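If you want the building blocks of each chain, they are given just below.
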Amino acid sequence: MNKISINNSKHNPTHKSTLKHQTLTGVVAVATSLLLAGCFGLDEVGEDQTTTTQNEQVPVTTTNNQLSTDYYRALIEDGKYKTSASRGASLSLNSAYNVKNFENGLLELSKSVFPTDQYYFQEGQLLDSKTVNEWISRQSDDNPNGLNPKDNGEKDASKRAPLYLDQILEQNYVVKHDNVYELSGISIGLAMNSVDSYTVDGKEVKQSIDDGAMEEQAKEMAGTILQRLRENNDLKDVPITIGVFKESEPDDIAGGVYILSATSTEGSLISDWTKINDKIVVFPLSSGDPTQDSTQFDNFRSEVESFFPNLSGVTGRAFYKNDKMDKLQIDIMTQFYGESEIIAFAQHVTDVANKYLQFDAPVQIQINSINGQEALLIQDQKEQSFTYYIYQ
């Protein structure tokens, strides 16, 4: 294994990317300075890892504490958390719910491939903002690297070539091996549009995208991205997981979910895709027949609303995996005028939650007002009871 130096300077003409220009146009030197050679250090100093340049030493270590096995420990460079080379790119998604589900969902997918007790996490360093923007744009003479189809000139939604790919997210996974931190996994998330909105003569037009066509495009794009990454010799045998995220419309508070995933351990072909049976259901239901879960929520909501006159709403977001509830998040909006009201209301909500919200899945309840978060209720799964916290 070739060890590399970490270069902190923004401009260093002697330290150039080893990525081929035609495949990863726009990737900056920071990618090679940390990840492309696959190692993060030279000699270990205690629990820390130190890498060197010609004139300086840069320590690389990790966070000491891991809140639980649900979370990765993060890689720390020179005492600082290193943000993504394309930081903020996912904020371009059409809603905060999609942003959160896109990022958190890729972490969840990655845990099954890169276990939290074996791998450390670092935000993506290979793809910078320029590269990501090139790839999510339409292919054209000026942008041969674009992954979205060429503009066919049509304005009619039934004939127009839509923008399928909305955004790309990269995450890196690192292991400590022979006293160095080594890049050992990459996760790529592809956010795909379910509806492509565009403007004709000053009017917004929404073009619905067929699920089958979206999945076909996503698989083809994933193959192209994988091929581009594998063009770099240092990434030829690094496992790469790709998740396909179906983005919801902006007014859908459930947000989107991942629908496909695949992992390539080597090579440029993806032979097997796994369908993901995840969904998010918003309570109270706006349509469809009631379920046992929705009925339990409705009973909870009814009793909470009857207790206090100034409630603005009680909503829930239930996350399901393979048709079984995985977790439930409830938000209660209200107006409070004193701390005694907050305490009384939190106590009442706790009593009602203990009565109605007995699921085989964790439940969390946030009580908010116009001033921000007022209280948090968390269920102890073992005890099947709720504990509340009041924010002063």
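What counts as what
Residues numbered from 1 in each chain as written. Predicted model: local features only at pLDDT ≥ 70, side-chain atom pairs only at ≥ 80, totals over all residues. Heavy atoms only, no water. Pairing = 2+ DSSP bridges. Helix = DSSP H or I, 4+ residues; strand = E, 2+ residues; numbered from the N terminus. Axes fitted to C-alpha atoms, helices over the stretch in contact; angles between N-to-C directions. Contact = heavy atoms within 4.5 Å. Buried < 20%, exposed > 50% of the residue type's maximum accessible area, 1.4 Å probe, protein only. Phe/Tyr/Trp six-rings, centres within 6.5 Å; stacked < 30°, edge-to-face > 60°. Lys NZ or Arg CZ within 6 Å of the ring centre and 35° of its normal.

A. Representation of the sheet that holds strand 19 (residues 385–390). Taken in spatial order, the six strands of this open sheet run 14-15-16-17-18-19, and their pairing is mixed. This sheet does not close on itself; its edge strands, each paired only once, are strand 14 (278–283) and strand 19. Strand-to-strand, the axes of this sheet are offset by a mean angle of 15°, without reference to chain direction. Strand direction decides the pairing type here: strand 14 and strand 15 (residues 311–321), joined by six bridges, are antiparallel. Following the sheet pairing, Val281 is matched in strand 15 by Ala318. This element, helix 6 (residues 339–356), spans strand 15, strand 16 (324–334), strand 17 (363–369), strand 18 (372–380) and strand 19 of the sheet and lies at about 165° to strand 19.

B. Structural context of unusual backbone geometry. Residues Phe283 and Pro284 are joined by a peptide bond in cis, for which omega reads -5°. Mapped onto the secondary structure, Pro284 falls in the loop between strand 14 and helix 5 (292–307). Not every positive phi belongs to a glycine, and Asp201 is a case in point at roughly 55°.

C. Focus on the pairing of strand 12 (residues 257–264). Counted residue by residue, strand 12 has seven buried out of eight residues, so it is predominantly covered. Here strand 11 (residues 240–246) runs beside strand 12; their pairing, made up of seven bridges, is antiparallel. The partner of Val244 across the bridge, within strand 12, is Leu260. The sheet contact formed by strand 12 and strand 13 (residues 274–275) spans two bridges and is antiparallel. Of the residues in strand 13, the one forming a bridge with Ser261 is Thr274.

D. Quick peek at the packing of aromatic side chains. Applying the stated criterion across every chain yields a total of 12 aromatic pairs. Note on Phe102 and Tyr258: the rings are 6.2 Å apart at their centroids and 15° apart in plane angle, and the pair reads as stacked. Linking Phe102 in helix 2 (residues 96–111) with Tyr258 in strand 12, this pair joins segments that are 156 residues apart in sequence. With relative accessibility at 0%, the residue Phe102 sits in the buried group. Ring geometry for Phe114 and Tyr173: centres 5.1 Å apart, planes at 20°, overall stacked. Of the two residues, Phe114 is situated in the loop between helix 2 and strand 6 (120–123) and Tyr173 in strand 7 (residues 165–177); the sequence distance between them amounts to 59 residues. With respect to class, Phe114 is no different from Tyr173; both count as buried. Feature note: the residues Tyr72, Phe114, Tyr119, Phe121 and Tyr173 constitute an aromatic cluster, connected by ring pairs. Taking NZ or CZ as reference, Arg160 lies 3.8 Å from the ring centre of Tyr198, over its face. Seen from the ring of Tyr320, Lys279 lies directly overhead, with NZ or CZ sitting 5.5 Å from the centre.

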